[in-house]
Amino acid sequence: MGKADSRLKATGQPAVDVLVVGGGIMGLWAALMAGREGLSVLVLERGRIGAGASGGVLGALMPHLPDRWNAKKQFQFDALVSLEAEVAGLEARTGLSAGYRRCGRVIPLAKPHLRQIALGHGRDAETSWRGEFAFTVGDEPVAPGWPATSSMACGLVFEGLAARVSPRGLLAVLRAALDGMANVALREGAEATAIDPVAGAVRLVGGERIAFGHAILSAGVSSFGFMDSLCSPLARAAGSAVKGQAALLEADIDPAFPIVFSDGLYVVAHEGGKVAVGSTSENTFADPLSTDHRLDDVISQARLMVPAIAQAKVVERWAGLRPKAIGRDPMIGLHPDFRRLSLMTGGFKISFGVAHELARAVIEEMKAGTPSSVPASFSVEAHLREARRA
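The following refers to the structure shown. Quick caveat: nothing in here was measured; it's all calculated off a predicted structure.

What counts and how
- Residues numbered from 1 in each chain as written.
- Predicted model: local features only at pLDDT ≥ 70, side-chain atom pairs only at ≥ 80, totals over all residues.
- Heavy atoms only, no water.
- Helix = DSSP H or I, 4+ residues; strand = E, 2+ residues; numbered from the N terminus.
- Buried < 20%, exposed > 50% of the residue type's maximum accessible area, 1.4 Å probe, protein only.
- Right-handed = clockwise from strand over helix to strand, strands pointing away.
- Pairing = 2+ DSSP bridges.
- Phe/Tyr/Trp six-rings, centres within 6.5 Å; stacked < 30°, edge-to-face > 60°.
- Axes fitted to C-alpha atoms, helices over the stretch in contact; angles between N-to-C directions.
- Parallel < 35°, antiparallel > 145°, perpendicular 65-115°, else oblique.
- Left-handed = near helix turned anticlockwise from the far one by under 90°.
- Contact = heavy atoms within 4.5 Å.
- Nonpolar A, V, L, I, M, F, W, Y, C, P; charged D, E, K, R; others polar.

1. Some points on unusual backbone geometry
Note: most peptide bonds trans; most residues except glycine with negative phi. For the peptide bond that leads from W146 to P147, omega is 0°, which places it in the cis range. If you trace the backbone, P147 turns up in the loop between β5 (135-138) and β6 (156-159). In this structure, S279 follows G278 across a cis peptide bond, with omega equal to -10°. A positive phi angle, close to 60°, is found at R130, a residue other than glycine. Mapping R130 onto the fold places it in the loop between α3 (112-128) and β5. For F348, which is not a glycine, the phi torsion comes out positive at approximately 55°.

2. Describing the pairing of strand β2 (residues 41-45)
With 5 of its 5 residues buried, β2 lies for the most part within the structure. Side chains V41, V43 and E45 of β2 all project onto a buried face; the interleaved residues L42 and L44 project onto the opposite face, where all are buried too. In this region the chain leaves strand β1 (residues 16-21), passes through helix α1 (residues 25-36) and returns to the parallel neighbour β2; the handedness of that crossover is right-handed. Sheet topology places β2 next to strand β8 (residues 184-188); 5 bridges connect them, and they run parallel. What sits directly across from L44, in β8, is R187.

3. What about the packing of aromatic side chains?
Under the criterion given, the structure shown has 6 aromatic pairs. Taking 5.8 Å as the distance between ring centres and 65° as the angle between the ring planes, the aromatic pair formed by W129 and F135 counts as edge-to-face. Like F135, W129 is buried. Grouping aromatic residues by their ring pairs yields a cluster made of W69, F77 and F133.

4. With respect to the packing of helix α2 (residues 71-94) against helix α4 (residues 167-179)
In contact at an axis separation of 9 Å, α2 and α4 are set at 60° when each is read in the N-to-C sense. What the angle tells us is that α2 and α4 run oblique. For α2 against α4, the interelement crossing comes out left-handed. Listed contacts from α4 to V87, L90, E91, R93 and T94 of α2 are L170, V173, L174, A176 and A177. By residue class, the composition of the contact of α2 with α4 is 7 nonpolar, 1 polar and 2 charged.

5. A word on the environment of S279
Position of S279 relative to the elements: it lies in the loop between β15 (274-278) and α6 (293-305). Between the C-alpha atoms of S279 and A256, which are 23 residues apart in sequence, the distance is 21 Å. Those residues in contact with S279, other than ones at most four positions away along the chain, are L58, Q245, A246, G264, Y266, V298 and R322.

Written as structure tokens, this is what we have:
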């Protein structure tokens, strides 16, 4: 067990079937999928639900490009398609809105060779996306200033698969759905300090111990620290934190407008006269939760790219840490050394679009005890191999 606390013992209380450590988007979907199976579920969140990277403002749900198709791209495609019905069902059940809309995405093309590449991707989409979603090249902006004509000297791409969601709205919908399930409980302010997957117990700050039948570790960046305590030195450092900064602006923009995306810059129209812009990707930082000149630069770039928000007031500046697994893909499924522990972390930029299907796969694997349906590169073992190589 390495440095895992082997002194952890069950408390004598009946063990919860599934203990979820982490109350972000991954953890809530895992709790929902486990609850649907009739299992008793307890979610532990050290702060408040969605206080980490899941509680941001951007909410862009964008697919990989349709070229060089592989299992990872297929999984994401299927997840982005199925999410719409999942969200609609939860909204109907809770009476709340997740701020979801399949709005599509536009990508300005600044150079001739980019237009030729985009035309090729359009042909790829006919096969990879089964012809169900547009991937076309045009020459006019969606509306004046969305985006700037100066940014699209060689046209722009419109693709119809992308969507957006309100991160906080979806978290609220998931929480309300879980609150309505008699077999699911959520505890905020409950910080786990050690997990013993052999004894089947977790220790909290203050000394409380909770017994479990199976644990799902979905604590964002903190997941990697728990993993390090369970692994040999050669398999440590399975992931890292990447800081992101984003902002929310107030603007009278049609919420049906597509996401504008260009070279890592996102401009996302939301309901209620709000537009989100982002985001930075910082591997080194002094303060994980502060905003600075890097966000100022993002806002300035967004105003140039999308003149429709040139005068929009900034109403919120946000920063947080996103979990990036060493293999870059999400880290999903049973731990190869501890069969009572599953991982759901490392989603980095794609978590909101795929978390529901990742959760479904984790619960199915947990029940069956056989490898899940996620791509092989998502497996915990694949990430541990990468950590050993590194």
